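This is what each chain is made of:
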Amino acid sequence: MSGRPYSRGVTSTPLHCYYADIFAGELLMPSDELEAMGADGRDPIAVAARFGVSITRAVWWINTLKRLGVLTD
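Residues numbered from 1 in each chain as written. Predicted model: local features only at pLDDT ≥ 70, side-chain atom pairs only at ≥ 80, totals over all residues. Heavy atoms only, no water.

Student: Could you give me a rundown of the overall build of the protein chain, with the residues and numbers involved?
Tutor: What the protein chain contains, in helices and strands, is 4 helices and 2 strands. Each helix (α) and strand (β) of the protein chain, taken in turn from the N terminus, gives the series β-β-α-α-α-α. For the protein chain, buried positions account for 29% of its 73 residues. Summarising the internal contacts of the protein chain: among those between residues at least 6 apart in sequence, 36% fall at separations of at least 24. (Helix = DSSP H or I, 4+ residues; strand = E, 2+ residues; numbered from the N terminus. Buried < 20%, exposed > 50% of the residue type's maximum accessible area, 1.4 Å probe, protein only. Contact = heavy atoms within 4.5 Å.)

As structure tokens, this is what we get:
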């Protein structure tokens, strides 16, 4: 199944893959729980430890939520 490309910086990802990433991020690391964590919700190591995900995925999710305006610095 091919999707329309969605630009996420240098690489291009099919749109359905981008939405799947957003869905998985919200499922594994709910944004309301990150907000409730306060400053620790912006720390990838604390997020990874709390939700049992990789630090790389935690960084991606935190940055995505910041870009979407859900989290602020």
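Right, picking up where we left off after that structure.
Student: Break down the packing of helix α3 (residues 44-51) against helix α4 (residues 55-67) for me, citing the residues and quoting the values.
Tutor: Closest axis-to-axis distance for the α3/α4 pair is 8 Å, and the angle between their directions is 115°. When the interaxial angle is binned, α3 and α4 end up roughly perpendicular. As α3 packs across α4, the resulting crossing turns out to be right-handed. Only Ile55, Ala58, Val59 and Ile62 of α4 make contact with α3, whose side of the interface consists of Pro44, Ile45, Val47 and Ala48. (Axes fitted to C-alpha atoms, helices over the stretch in contact; angles between N-to-C directions. Parallel < 35°, antiparallel > 145°, perpendicular 65-115°, else oblique. Left-handed = near helix turned anticlockwise from the far one by under 90°.)

Student: Explain the side chain of Ser31 to me, using residue names and the numbers behind them.
Tutor: Inspection of the secondary structure puts Ser31 in helix α2 (residues 31-36). The class of Ser31 is buried, set by a relative accessible area of 13%. Not counting residues up to four positions away in its chain, the partners in contact with Ser31 are Glu26, Leu65 and Val70.

Student: So what about the pattern of salt bridges? Which residues, and what values?
Tutor: According to the stated counting rule, one finds 1 salt bridge in the structure shown. A salt bridge links Glu33 to Arg50; its shortest N-O distance comes to 3.4 Å. You can see Glu33 sitting in helix α2 and its partner Arg50 sitting in helix α3, a full 17 residues away along the chain. (Salt bridge = Lys/Arg side-chain N within 4 Å of Asp/Glu carboxyl O.)

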